[in-house]
Amino acid sequence: MAADPSSFSSPSCCRTYHLYLRCRVDFGARALRGTAAFTTRAEREALRRLVLDTREVQVFKVTVNGQDAEFGFGEKHSFKGTPLEITLPFELRRGQEAIVEVSFESSPKSSALQWFSPEQTSGKQHPLLFSQCQAAHCRAIFPCQDTPAVKLTYCAEISVPKELVALMSANREGELPDPEDSSRKIYQFSQNVPIPCYLIALVVGALESRKIGPRTLVWAEKDLVDKSAYEFAETEAMLKTAEDLAGPYVWGQYDLLVLPPTFPYGGMENPCLTFVTPTLLAGDRSLSNVIAHEISHSWTGNLVTNKNWQHFWLNEGHTVYLERRIQGRLFGEQFRHFQALGGWRELQHSINTLGDKNPLTNLIPNLNEVDPDDAFSSVPYEKGFALLFHLEQLLGGPDVFMGFLKAYIQQFAYKSIATEDWKDFLYSYFKDQVDVLDKVDWNSWFYAPGMPPAKPTYDMTLANACVALCERWVKAKESDLDSFSSEDLKEMSSHQLIEFMALLLLEPPLPLSHVQRMQQVYNFNAINNSEIRLRWLRLCLRSKWEEAVPLALKMATEQGRMKFTRPLFRDLYNFDKSRDLAVKTYLEHRASMHPVTSMLVGKDLNQNQ
Ligand code: BES
Ligand code: ZN
């Protein structure tokens, strides 16, 4: 079995398949301290060694079945962290099990955790902590086999100050007073479905909840609970649609958690408890595709999992496909095609930014000595989706293809797989259409950089208005600017507005007079929808409109979703009039940014010491 290039662990020697985590959340020290006990099985004869991944964690003691074990750290790697090498006090035969318990403490600088003082929260009264383990950050909380090739169930007992709530990516099993400290209580959790460790998640804070569906609570700080309940009211309808498409939802609860604005992603599919950014709170449910997306991961990603990050497209491509099928059911097939076309345009945009010879634009990139956080882009999402949409069209349409997808999920549920497993199954499922499959240029789809070797066909009904308005602006001369008016947008949805702007961003920058006129007639500065605002500010910066600089700096720092913050900082940096200010603002803010965002924006702005 090919090893995971992002991990030091060797699951072919030995596998951890259950975790019992006990820890104390210390807001003063900004540390998690406790024990991680792994039930471990030898996968080969005469096993004497177990290697766990760590990053910046302290280890005080290791026991195996209660007996002290010798341990030591290997050499620190630039992004993989430091292997923890444990010598078992006795040999394990193949198939034999042992409990390996590690006493650990995380670093205040852990790349997996963001700590907030009370003043940094919206309620101002209590501290808050959240984790984000995907892709390779679980090792920055506690030592573990930090590879998605390994799946484990877990139970946890988390001690926190008693005014606070702790939630995890698991069932809530109850709470009790901490017998060691009367100012604290212990929350108990269990996740009985085996999951890769990147799905282990924890949040601690003054959180409140509201029920929005038979299996759904939405959690947030007090000030956002009601707004969130409104925004995400479609959740149960989406879950039902997803079950109808993909099969039963096996995780029990599906809760949502709205995080502070520094949460670096749009959403994160932590089982039983999806984490989302507050930038989804547009007020009109127009950004709910992110919820459809995270719901879809309950099948693709969380049941069928990529075995390493080179096959990340298996997680994200299939999830985008399901996300769009859900939206197709709820909002119509034309809307699905509109979103699909938007995805193709997004892919074009990413490939323009990364360069069409860039090996990271391969569907299956080589991640030897590449940090998965550096490799992250829309490519696995949208090239992956394009491949599946292309196959849907080649093999007989949406219903036929859904038959395959459902069978694929059944076949590989609870497993971790590589692209070859997917492809072999595709060929076996469509054994009567092997001639069609053989015409697919697999090698280019998988291993060539740049745009894919084939383009699916798209229904243009909803996209035409966006294309037409984009063309009018691109072709307009100074003397034509009078012809634009607020009437132009009258029939357009917010999705179409986003697409209109995204199309303009693929064009050379508009003259400054054009964007100024656009503000005059459309008043885009007044729009708070985060997806629209991002693209509008980028258009302004690319046209070198200085008035956009403070607005862009504000958006880049008031929220920290990387999809917004990174391009805004990059555009500010590339505009000579705001470069210094961009760097200065970054340096002022980085201490309060999420550690991963801070690291990546730092690289984007060449600020790495
Ligand atoms: N699992 C991802 C987020 C992620 C990927 C975190 C890689 C860390 C490393 C999540 O499901 C996701 O894709 N979120 C998107 C949603 C969008 C595609 C609808 C996002 O964050 O914008
Ligand atoms: Zn995803």
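Here we summarise the structure given alongside this text.

### A few points about the coordination of the zinc ion (ligand 2)
The coordination sphere of the zinc ion (ligand 2) contains the protein donors His 293 (NE2), His 297 (NE2), Glu 316 (OE) and Glu 316 (OE), at a distance range of 2.0 to 2.7 Å. Geometry at the zinc ion (ligand 2) is irregular, judged from its 6 donor atoms and the angles of 53 to 158 degrees they form at the metal.

### Let's talk about the sheet that holds strand E16 (residues 208-213)
Ordered by their spatial adjacency, 5 strands build an open sheet running E16-E17-E18-E20-E19, and the pairing between neighbours is mixed. Pairing within the sheet leaves two strands with one partner each, and these edge strands are E16 and strand E19 (267-268). Pairing of E16 with strand E17 (residues 216-220) involves 5 bridges; the strand directions are antiparallel. Bridge pairing in E17 links Glu 208 to Ala 220.

### Observations concerning the sheet that holds strand E11 (residues 152-161)
With respect to topology, 8 strands assemble into an open sheet ordered E5-E4-E8-E2-E1-E11-E14-E13, the strand pairing being mixed. If you trace the sheet from one side to the other, it starts and ends with strand E5 (67-68) and strand E13 (171-177), each paired once. The pairing of strand E4 (residues 58-64) with E5 spans 2 bridges and is antiparallel. Within the sheet, the bridge partner assigned to Thr 63 lies in E5 and is Asp 68.

### Concerning the site of ligand 1
As a matter of local geometry, ligand 1 sits amid 19 residues, with Gln 134, Gly 266, Glu 269, Glu 294 and Tyr 381 nearest to it. Gly 266 places a polar main-chain atom, nitrogen or oxygen, 2.6 Å from an oxygen atom of ligand 1. Between ligand 1 and His 297 there is a distance of 2.9 Å, counted from an oxygen atom to a side-chain nitrogen or oxygen. Those elements giving two or more residues to the shell around ligand 1 turn out to be E19, helix H3 (289-296) and helix H4 (312-331). Ranked by residue count, the leading element in the shell around ligand 1 is H3, at 4 residues. Along the lines of polarity and charge, the residues of the shell around ligand 1 split into 7 nonpolar, 7 polar and 5 charged.

Conventions used here
- Residues numbered from 1 in each chain as written.
- Chains lettered and ligands numbered in written order.
- Predicted model: local features only at pLDDT ≥ 70, side-chain atom pairs only at ≥ 80, totals over all residues.
- Heavy atoms only, no water.
- Donors = N, O, S within 2.8 Å, 3.2 Å for Na, K, Ca; no water.
- Tetrahedral: all angles 85-135°; square planar, octahedral: opposite > 155°, others 65-115°.
- Pairing = 2+ DSSP bridges.
- Helix = DSSP H or I, 4+ residues; strand = E, 2+ residues; numbered from the N terminus.
- Near = heavy atom within 4 Å.
- Polar contact = N/O pair within 3.5 Å; in protein donor to acceptor, adjacent residues only side chain to side chain.
- Nonpolar A, V, L, I, M, F, W, Y, C, P; charged D, E, K, R; others polar.

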